[in-house]
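# Breakdown of the fold
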Amino acid sequence: MARKAVGFGENDLRALAGTRSFERGLRYLDAVSGLEVGDGSVTAGVHGTDVYEVELNLDGGTGVSGRCDCPYGQEGNFCKHCVAVGLTVLRQAEAVPRQRAAARARASGLETWLGALSRDDLLTLVREQIAEDRELRRRLELRAAAARSDLGTVRERVLALIDPRPFARYGYVEYADAPGYARQVAEAADALRALTTGGHAAHAVGLAEKAIRVLGEAYGEIDDSDGVVGQAVAAVTEAHREACGVARPDPERLAKWLAVRCSATGTTRRTSIRSTMPRCWGRAGWPACGTWRGRRGVAAHEAGRSSI
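Residues numbered from 1 in each chain as written. Predicted model: local features only at pLDDT ≥ 70, side-chain atom pairs only at ≥ 80, totals over all residues. Heavy atoms only, no water.

### Considering the nonpolar core
For soluble globular proteins, nonpolar side chains are generally found buried alongside one another. Counting residues in hydrophobic clusters, the biggest one holds 40 residues, and the most contacted among them are Val154, Ile162, Tyr181, Leu215, Val229 and Val236. Looking at this core, the elements with two or more residues in it are helix H7 (134-147), helix H8 (151-161), helix H9 (178-197), helix H10 (201-218), helix H11 (228-247) and helix H12 (251-262). Sequence-distant contacts of Tyr181, that is, excluding residues within four places in its chain, are made with Leu161, Ile162, Asp163, Pro164, Phe167, Leu215, Ile222 and Val229. Core analysis: the second largest hydrophobic core is formed by 32 residues, Leu29, Val32, Leu58 and Val83 among them. (Core = buried A, V, L, I, M, F, W, Y, C linked by side-chain atoms within 4.5 Å. Buried < 20%, exposed > 50% of the residue type's maximum accessible area, 1.4 Å probe, protein only. Helix = DSSP H or I, 4+ residues; strand = E, 2+ residues; numbered from the N terminus. Contact = heavy atoms within 4.5 Å.)

Shown next as structure tokens:
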């Protein structure tokens, strides 16, 4: 009955997590809070060493997938926190279809309401939100600068966002300050994507490479015990990959740059800058990286230029 209602069962959770993480997840059932069922996903907080945010995806007809912002989850694993949320969902499985329907109705109602607003009303709404949400205002300011091709402003702002010095009270970004810095790095990643979608992919490539270099140099002075900065750095490297996919930079130059970047080892307690490089950078099918393996791949891309 539970599987029919939510699309997965305990055996699916065990298969995804492995026996060890599954058994650990059983001990976290009482640590789940703020469970919210959406149309195609479930979110919740799980209290552990910190409060970790978990999202389970219930769409696609493939059972369940999940992500968690704990260090183990950020490595792509279905962790004990995901298990705990999944088991909590199964406990209230009978209510899930009704909750999903309610979420669809809320989303539809919001879409209908927004669609009925006049231009002036929409502008008023946006202005109210950016007056209350500083991060939203900064993101929209960056998008506006990218849209009007103000590349100097975008570059200046991105480099300011990744600068750790405002967070380094003693020359070191402490554990308590890492989440705030991570949010700014994530904003920089959003700005890089906006450059790419706005027709400035080549500029995004260069700016992303500058950002990754700065982040690599700074990372050894950050207490990123929970991996939140590493996750934001991964978003920047993914923005670089997306920009490269559009701009198609010279493969030899890119391979050399990748070799230098991936040899960086700036580490803190749990995460290295190397571990944040997207796995797709070594995966077949990614231009200029399909056969790249360390420094030996540079020459191999000479022969592959015509495919790019």
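So that's the structure; there's more coming.
### Focus on the packing of helix H6 (residues 119-132) against H7
Remark: H6 packs on H7, axes separated minimally by 5 Å, with the N-to-C direction vectors making an angle of 120°. Relative to H7, H6 is oriented oblique. From H6, Val126, Gln129, Ile130 and Glu132 reach across to H7, where they touch Arg134, Leu136, Arg137 and Leu140. Of the residues assigned to the contact of H6 with H7, the class counts are 4 nonpolar, 1 polar and 3 charged. (Axes fitted to C-alpha atoms, helices over the stretch in contact; angles between N-to-C directions. Parallel < 35°, antiparallel > 145°, perpendicular 65-115°, else oblique. Nonpolar A, V, L, I, M, F, W, Y, C, P; charged D, E, K, R; others polar.)

### Overview of the sheet that holds strand E2 (residues 41-47)
Strand order across the open sheet formed by 4 strands is E1-E2-E3-E4, with antiparallel pairing between neighbours. Single-partner strands in this sheet number two, and they are strand E1 (32-37) and strand E4 (65-68). Across the sheet, the mean angle separating the axes of adjacent strands is 15° when strand polarity is ignored. Alignment of strand E3 (residues 51-57) against E4, held across 4 bridges, turns out to be antiparallel. (Pairing = 2+ DSSP bridges.)

### Thoughts on the layout of surface pockets
Here the second largest pocket defines a volume of roughly 300 Å³. What lines the second largest pocket is a set of 15 residues, among which Pro179, Ala182, Arg183, Ala186 and Ala232 lie closest to the centre. Broken down by secondary-structure element, the contributors of at least two residues to the lining of the second largest pocket are H7, H9 and H11. For the lining of the second largest pocket, the element with the most residues is H9, which contributes 8 residues. Of the residues in the lining of the second largest pocket, the class split is 7 nonpolar, 1 polar and 7 charged. (1 Å grid on protein atoms, 1.4 Å probe; cavity = no way out; pocket = protein on both sides within 12 Å on 5 of 7 lines; lining within 4 Å. Points joined across faces, edges and corners; volume = space filled by probe spheres on them.)

### A short note on the state of the cysteines
If you walk through the whole model with that rule in mind, you get 0 disulfides. With no disulfide of its own, Cys68 lies 3.7 Å from the sulfur of Cys70, the closest cysteine sulfur. Residue classification places Cys68 among the buried positions, given a relative accessible area of 3%. Unpaired in terms of disulfides, Cys82 finds its nearest cysteine sulfur in Cys79, a separation of 3.9 Å. (Disulfide = S-S within 2.5 Å.)

### Focus: empty space enclosed by the protein
In the structure shown here, the tally under the stated rule is 2 cavities of 30 Å³ or more. Reported here for the largest cavity is a volume of approximately 40 Å³. Along its surface, the largest cavity is lined by Arg139, Leu142, Arg143, Glu187, Asp190 and Ala191. Elements represented by at least two residues in the lining of the largest cavity include exactly H7 and H9.

### A short note on the packing of H10 against H11
The N-to-C vectors of H10 and H11 enclose an angle of 150°; their axes lie 8 Å apart at closest approach. Taken together, the axes of H10 and H11 lie roughly antiparallel to each other. Taken as a pair, H10 and H11 cross one another with a handedness that is left-handed. Contacts between H10 and H11 involve Ala201, Ala202, Ala204, Val205, Ala208, Glu209, Ala211, Ile212 and Leu215 on the former and, on the latter, Val233, Val236, Thr237, His240, Ala243, Cys244, Val246 and Ala247. In terms of residue class, the contact of H10 with H11 is built from 14 nonpolar, 2 polar and 1 charged. (Left-handed = near helix turned anticlockwise from the far one by under 90°.)

### Brief notes about the pattern of salt bridges
In total, this model carries 15 salt bridges according to the counting rule given. Between Glu55 and Arg67 there is a salt bridge, with the nearest N and O atoms lying 3.2 Å from each other. Here the residue Glu55 occupies a position in strand E3, and Arg67 occupies one in strand E4, the gap between them amounting to 12 residues. Look at Glu55 and you get partly exposed, because its relative accessible area is 27%. Judged by its relative accessible area of 44%, Arg67 falls in the partly exposed class. (Salt bridge = Lys/Arg side-chain N within 4 Å of Asp/Glu carboxyl O.)

### Here's the deal with unusual backbone geometry
Backbone geometry at Ser149 places phi at a positive 60°, although glycine is not the residue there. Along the chain, Ser149 turns up in the loop between H7 and H8. In the Ramachandran plot, Arg248 falls in the positive-phi region, its phi being about 55° despite a non-glycine side chain. Mapped onto the fold, Arg248 is located in the loop between H11 and H12. The exposure class assigned to Arg248 is partly exposed, which follows from its relative accessible area of 42%.

### Quick word on the environment of Thr88
Mapped onto the elements, Thr88 comes out in helix H4 (residues 80-91). What makes Thr88 buried here is its relative accessible area of 15%. Those residues in contact with Thr88 that lie beyond four places of it in its chain are Leu29, Val32 and Leu35.

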